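The lines below spell out each chain.
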Amino acid sequence: MKNILLIEDDPFLVNIYTTKLKESGFSTDAANDGETGLKKLKEKEFDLLILDIVLPHIDGWEILKEIRKEDGLKDLKVIILSNLGRKEEVEKGLGLGAVKYFIKAHYTPSEIVEEIKKII
Ligand SMILES: [Mg+2]
């Protein structure tokens, strides 16, 4: 079973994505701030990270930078799911190694899950 970590501080989104991903046969874990998220990434192996950018303590940009520094995490696939939708932000996310950048308002959770199935 593919294992997905969701780093997202909006409990409503965590809930809906956890439900949708489980319905699609994925195993999931969630962290609601950047610090907890990084800790989970170092403790356990994941096939994909769904990463929010605006987060308490450590934001998504810092998490992406940390991931690229850690030997064990370099190959982790990351998709960004954020409200930040300026061109520079999308470019920054992809430049830091995210495989996809989704703007929250443009996709339903079901559409995102379909995209995830194509990635892992
Ligand atoms: Mg957020």
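Worth saying up front: this structure is predicted, and the values here are computed from it rather than measured. (Residues numbered from 1 in each chain as written. Predicted model: local features only at pLDDT ≥ 70, side-chain atom pairs only at ≥ 80, totals over all residues. Heavy atoms only, no water.)

1. Comments concerning the pattern of salt bridges
Item 1. With the rule as written, the count across this model stands at 14 salt bridges.
Item 2. Close ionic contact of Lys87 with Glu91 constitutes a salt bridge, the shortest N to O distance being 3.1 Å. Of the two residues, Lys87 and Glu91 both sit in helix α4 (residues 87-95), four residues apart, roughly one turn of that helix.
Item 3. Linking Lys117 and Glu114 is a salt bridge whose minimum nitrogen-to-oxygen distance equals 3.0 Å. Residue Lys117 and its partner Glu114 are both found in helix α5 (residues 109-119); the two are separated by three residues, about one turn of the helix.
Item 4. Salt bridges sharing common partners tie together Glu8, Asp52 and Lys104. (Salt bridge = Lys/Arg side-chain N within 4 Å of Asp/Glu carboxyl O. Helix = DSSP H or I, 4+ residues; strand = E, 2+ residues; numbered from the N terminus.)

2. Regarding the coordination of the magnesium ion
Item 1. Of the protein atoms, only Asp9 (OD), Asp52 (OD) and Val54 (O) coordinate the magnesium ion, at distances of 2.0 to 2.2 Å.
Item 2. For Val54, a relative accessible area of 51% puts it in the exposed group. (Donors = N, O, S within 2.8 Å, 3.2 Å for Na, K, Ca; no water. Buried < 20%, exposed > 50% of the residue type's maximum accessible area, 1.4 Å probe, protein only.)

3. Some points on the side chain of Glu8
Item 1. When you line up the elements, Glu8 lands in the loop between β1 (3-7) and α1 (11-23).
Item 2. By relative accessible area, which is 2% here, Glu8 ends up buried.
Item 3. Within the structure, the side chain of Glu8 is placed 2.9 Å from the backbone nitrogen of Asp10, a separation counted as a polar contact.
Item 4. In terms of polar contacts, Glu8 uses its side chain to reach the side chain of Lys104, at 3.1 Å.
Item 5. For Glu8, the contacting residues outside a window of four places in its chain are Leu13, Val14, Ala31, Asn32, Asp52, Leu55, Leu81 and Lys104. (Polar contact = N/O pair within 3.5 Å; in protein donor to acceptor, adjacent residues only side chain to side chain. Contact = heavy atoms within 4.5 Å.)

4. A closer look at the nonpolar core
Item 1. Among the nonpolar cores identified, the biggest contains 22 residues, and Ile7, Leu41, Leu49, Leu51, Ile63 and Ile67 are the most heavily contacted of them.
Item 2. Contributions of two or more residues to this core are made by β1, α2 (34-43), β3 (48-51), α3 (60-69), β4 (77-82) and β5 (100-103).
Item 3. The element best represented in this core is α3, accounting for four residues.
Item 4. The residues contacting Ile7, other than those within four sequence positions of it, are Ala31, Asp33, Gly34, Gly37, Leu41, Leu49, Ile50, Leu51, Asp52, Leu55 and Ile63. (Core = buried A, V, L, I, M, F, W, Y, C linked by side-chain atoms within 4.5 Å.)

5. Observations regarding the environment of Leu21
Item 1. Within the element layout of this structure, Leu21 appears in helix α1.
Item 2. Linking Leu21 and Val113, residues 92 residues apart in sequence, is a C-alpha distance of 6.6 Å.
Item 3. Once residues lying within four places of it in the same chain are set aside, the contact partners of Leu21 are Ile4, Phe26, Thr28, Ile50, Val113 and Ile116.

6. A short note on the environment of Lys40
Item 1. Within the secondary structure layout, Lys40 lies in helix α2.
Item 2. You can call Lys40 partly exposed: its relative accessible area is 21%.
Item 3. Between the alpha carbons of Lys40 and Ser110 there is a distance of 25 Å; along the sequence they are 70 residues apart.
Item 4. With residues up to four places along the chain from it excluded, the contact list for Lys40 reads Leu5, Asp29, Ala30, Ala31 and Phe46.

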